[in-house]
Amino acid sequence: MSGTENSIKGGKLLFLSIAAAMGGFLFGYDTAVINGGEQQIQSLWKLSSLMHGLVMSAALWGTVIGAFAGGKVCDRFGRKPTLLFVGILYFLSAVWSAIATDPYSLMIARFIGGLGVGISSIAAPVYISEISPAESRGRLCALFQFNIVIGMVVSQIVNWFIGCAELGDNTWRWMLGAEALPALAFTLICPFLIESPRYLTMRSGAAADVCGSDEKFFCRSNLRPILLAFFVALFNQLSGICAVLYFARRVFQLAGCTPETALAVTAWLTVLLGLGTFAGLFLIDRIGRRQMLILGGIGYLVSLFGCAAAFILGWNVIAAACIFLFIFSHAVGQGTVIWVFISEVFPQKFRAQGQSFGSFTHWMVCATLTFVFPLMTARMPTWSIFALFGLFMIFHMFWAIFIVPETKGKALEEINL
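(A) Focus on the overall build of the protein chain. For the protein chain, the helix and strand inventory stands at 17 helices and zero strands. For the protein chain, whose C-alpha radius of gyration is 20 Å, the value lies close to the compact-globule estimate of 22 Å for 417 residues. Looking at the protein chain residue by residue over its 417 residues, the buried ones come to 60%. Of the contacts formed within the protein chain by residues at least 6 apart in sequence, a portion of 86% connects residues at least 24 apart. Accessible surface computed for the protein chain: about 15,600 Å², of which carbon and sulfur atoms make up 71%. Positive and negative side-chain charges of the protein chain, numbering 26 and 20 respectively, have mean locations separated by a distance of 3 Å.

(B) Structural context of the packing of aromatic side chains. Evaluated as defined, the whole model comprises 21 aromatic pairs. Ring geometry for Trp45 and Trp172: centres 5.5 Å apart, planes at 70 degrees, overall edge-to-face. A residue pair is termed long-range when its members are at least 10 positions apart, and Trp45 in the loop between helix 2 (10–44) and helix 3 (49–77) and Trp172 in helix 7 (residues 171–177) qualify at 127 residues. Aromatic pair Trp160 and Phe161: ring centres 5.1 Å apart, planes at 70 degrees, arrangement edge-to-face. Overall, the relative accessible area of 36% leaves Trp160 in the partly exposed class. Phe161 sits in the exposed class, given a relative accessible area of 55%. Chaining the aromatic ring pairs together yields one cluster made of Phe217, Phe218, Phe230, Phe231, Phe235, Phe346, Phe350, Phe357 and Trp399. Over the ring of Phe282 we find Arg286; its NZ or CZ atom is 3.9 Å from the centre of that ring.

(C) Here's a closer look at the side chain of Ser121. Among the secondary structure elements, Ser121 is positioned in helix 5 (residues 103–131). Here Gly118 takes part through its backbone oxygen, which lies 2.7 Å from a polar atom of the side chain of Ser121. At a separation of 2.5 Å, a polar atom in the side chain of Ser121 contacts the side chain of Ser359. Aside from chain neighbours lying at most four places away, what touches Ser121 is Phe27, Phe144, Trp339, Gln355, Ser359 and Trp363.

(D) Quick look at the packing of helix 2 against helix 8 (residues 180–189). Between helix 2 and helix 8, the shortest axis-to-axis distance is 10 Å and the interhelical angle comes to 160 degrees. In this view, helix 2 runs roughly antiparallel relative to helix 8, as classed from their interaxial angle. Viewed along their axes, helix 2 and helix 8 form a crossing whose handedness is left-handed. Contact with helix 2, carried on its side by Ala19, Ala20, Met22, Gly23, Phe25 and Leu26, involves Pro182, Ala183, Phe186 and Ile189 of helix 8 and no other residues of that element.

(E) Molecular detail of the state of the cysteines. Considering all chains together, one arrives at one disulfide under this definition. A sulfur-sulfur distance of 2.4 Å marks the disulfide that ties Cys242 to Cys366. Across the S-S bond linking Cys242 and Cys366, the dihedral sits near -100 degrees, which makes this disulfide left-handed. Of the two residues, Cys242 sits in helix 11 (residues 241–246) while Cys366 sits in helix 16 (residues 351–379), which places them 124 residues apart along the sequence. Comparing Cys242 with Cys366, the two get one shared label, buried. With no disulfide partner, Cys74 has as its closest neighbouring cysteine sulfur the one in Cys190, 12 Å distant.

(F) Local environment of a nonpolar patch on the surface. Taken together, the side chains of Phe305, Leu388, Leu391, Ile394, Phe395, Phe398, Ile401, Phe402 and Ile403 make up a nonpolar region of the molecular surface, amounting to roughly 840 Å² of accessible area. Among the elements that take part in the nonpolar patch, helix 17 (residues 382–402) stands out by supplying seven residues, more than any other. Its location among the elements puts Ile403 in the segment after helix 17. The class for Ile403 is partly exposed, based on a relative accessible area of 45%.

(G) Looking closely at the layout of surface pockets. Its volume calculated, the largest pocket comes out at about 300 Å³. Along the wall of the largest pocket there are 14 residues; nearest its centre are Gly36, Gly163, Thr171, Arg249 and Leu263. Listing elements by their share of the lining of the largest pocket, those giving two or more residues are helix 2, helix 6 (137–164), helix 7 and helix 13 (259–283). The biggest single contributor to the lining of the largest pocket is helix 2, with four residues.

(H) A look at the packing of helix 16 against helix 17. Running from N to C, helix 16 and helix 17 cross one another at 140 degrees; their axes reach a closest spacing of 10 Å. Overall, the two elements helix 16 and helix 17 adopt an arrangement that is oblique. Contacts from Leu369, Phe373, Met376 and Thr377 in helix 16 reach Ile385, Leu388 and Phe389 in helix 17. Here the contact of helix 16 with helix 17 is composed, by residue class, of six nonpolar, one polar and no charged.

(I) Spatial organisation of the pattern of salt bridges. Under the criterion given, the structure shown has nine salt bridges. Across the salt bridge formed by Arg198 and Glu413, the nearest N and O atoms sit 2.8 Å from each other. In this pair, Arg198 is assigned in helix 9 (residues 197–203) and Glu413 in the segment after helix 17, connecting sequence segments 215 residues apart. The class for Arg198 is buried, based on a relative accessible area of 0%. Through salt bridges with shared partners, one network takes in Arg137, Arg139, Asp285, Arg289 and Glu344.

(J) Spatial organisation of unusual backbone geometry. Positive phi, close to 50 degrees, is recorded for Lys46, a residue that is not glycine. Here Lys46 is to be found in the loop between helix 2 and helix 3. Residue Lys46 is classed as exposed on the basis of its relative accessible area, which comes to 71%.

(K) Fine view of the environment of Cys141. Mapped onto the secondary structure, Cys141 falls in helix 6. Given a relative accessible area of 1%, Cys141 falls into the buried group. Remark: the alpha-carbon pair of Cys141 and Asn222, spanning 81 residues in sequence, is separated by 22 Å. When residues no more than four places from it in sequence are discounted, the contact partners of Cys141 are Pro125, Ile128, Ser129, Val340 and Ser343.

Criteria and cut-off values
- Every chain is numbered independently, its residues counted from 1 as its sequence is written.
- Note on the predicted model: pLDDT of at least 70 is required for a residue's local features to be given, and 80 or more for side-chain atom pairs to be given and counted; whole-chain, interface and lining totals, by contrast, use all residues.
- Working from all heavy atoms in the structure, the side-chain values ignore hydrogens and water.
- Each helix is a run of DSSP H or I of at least 4 residues and each strand a run of E of at least 2, with the numbering of both proceeding from the N terminus.
- Note on method: radius of gyration uses C-alpha positions; expected globular size equals 2.2 Å times residues raised to 0.38.
- Burial classes: relative accessible area under 20% of the type maximum marks a residue as buried, over 50% as exposed, and values in between as partly exposed (1.4 Å probe, protein chains only).
- What makes two residues a contact is simply this: any of their non-hydrogen atoms within 4.5 Å.
- Here, Shrake-Rupley sampling with a 1.4 Å probe gives the accessible areas, and only protein chains in the shown set may cover a residue.
- Counted charges follow a simple rule, with Lys and Arg positive, Asp and Glu negative, and His plus the chain ends left uncounted.
- Just so you know, the charge point we use is NZ for Lys, CZ for Arg, CG for Asp and CD for Glu.
- In summary, the pairing rule links any two rings of Phe, Tyr or Trp, Trp by its six-membered ring, whose centres are within 6.5 Å, and it sorts them by plane angle into stacked for under 30 degrees, edge-to-face for over 60 and tilted for everything else.
- Two conditions define a charge located above a ring, namely a distance within 6 Å from the ring centre to NZ of Lys or CZ of Arg, and an angle within 35 degrees of the ring normal.
- By the criterion applied in these results, polar contacts are pairs of N or O atoms within 3.5 Å in which, for protein atoms, one can donate a hydrogen and the other can accept it, and in which residues neighboring in sequence qualify only through two side-chain atoms.
- Axis lines are fitted to C-alpha atoms, over the contacting stretch for helices. Their N-to-C directions set the angle, which ranges from 0 to 180 degrees.
- Under this scheme an angle from 65 to 115 degrees is roughly perpendicular, one under 35 degrees roughly parallel, and one over 145 degrees roughly antiparallel; angles in between are oblique.
- For any pair of crossing helices, the crossing counts as left-handed if the nearer helix is rotated counterclockwise from the farther one by less than a right angle, and right-handed if it is rotated clockwise.
- When two cysteine sulfur atoms are found within 2.5 Å, that pair is recorded as a disulfide.
- Every patch collects residues that have over 30% relative accessible area and no salt bridge, joining them within 9 Å if they carry like charges and within 5 Å if they are nonpolar side chains (Val, Leu, Ile, Met, Phe, Trp, Tyr).
- By definition, a salt bridge exists where a carboxyl oxygen of Asp or Glu is found within 4 Å of a side-chain nitrogen of Lys or Arg.
- Residues are said to line a cavity or pocket when one of their atoms sits within 4 Å of a point; the points come from a 1 Å grid over protein atoms alone, cavities being sets where a 1.4 Å probe fits but cannot get out and pockets being open sets with protein on both sides within 12 Å along at least five of seven lines.
- Grid points are joined across faces, edges and corners, and a volume is the space filled by probe spheres set on the points.
- Throughout this entry, Asp, Glu, Lys and Arg are counted as charged residues, while Ala, Val, Leu, Ile, Met, Phe, Trp, Tyr, Cys and Pro are counted as nonpolar. The remaining residues, Gly among them, count as polar.

In structure tokens, the structure reads:
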């Protein structure tokens, strides 16, 4: 397959990778934009903690369904049509969210956007992985994560500008509706993509099966990549990253910031996430996936336990600094590695299904944590929440050091696990 992977080169390869990675931009924008208006939405409709959790997690439950079904959609209709469909979902969600008349219609709109997030977390990394040569696959696939972060940064900047415009009860509507513009742009770009050569080869029947021809995804030969995809996705979310990002304003207010300062600091938080991901792009094809997981894991432990200690001692400035370190550690490690790693470890026949499985695990845990996080902050001391996430990351470190294989520099067909 080396001839296939090297047939797309130079500017064309970069254009296709960046265009597909724009699905990540919308992924990041859609998942983070709710942060700016979540408190206003709760106040406007007088939502209980339970109902607030449902509204906040609606997109994530859509993401779970999208991730579950996305692999089959990719394999049946192709990578390119799937990406186009994702753009349409994002656009519909943005417009509907802006005109929602009650929390239930908002949940439906956010659920649709979540479907787009879930499917894009499969289609884009798989597409980029399949068109990329081995020596640059890591950083090209990591463009997806980089665009996720850029989407988060832009969403928070847009939220900040809209928040400063003093639009009253309609502020959150403008925040959510602004996503329609990049969603439309992505939808118009998708027809200019080409289909993945590896996908076309697989559809022609020329791809070799690692499992027997009559075996399914869950077979003995796939056991190790399945476990690797499961644990990289599980540990990614047990770090607490989604809870911290989606409720960043609330977390910084717990650390002593005023609501206005918390909004501005949250925007800078996503900028730091972008800088960390940019560093990850530089490192991933140099030091490898495993070393980055270990490096980020060290940062997890220092920042999470440091944050817990700071909250106990009432050192709010130190707590805020530890949150920044946590975000940077995630960006350099798990944030950059996850989508690249999952797209690499499965054989061609099961790549989209494997990405779907890993993405489903990721979003299932994320949705669950987002749903329960408001309840956790209401019923648990803040320090104990960060200590719990830190405990999970101890297990992550043992997994990264002793179990994770290195996939750097190998053609997809050479990675046999």
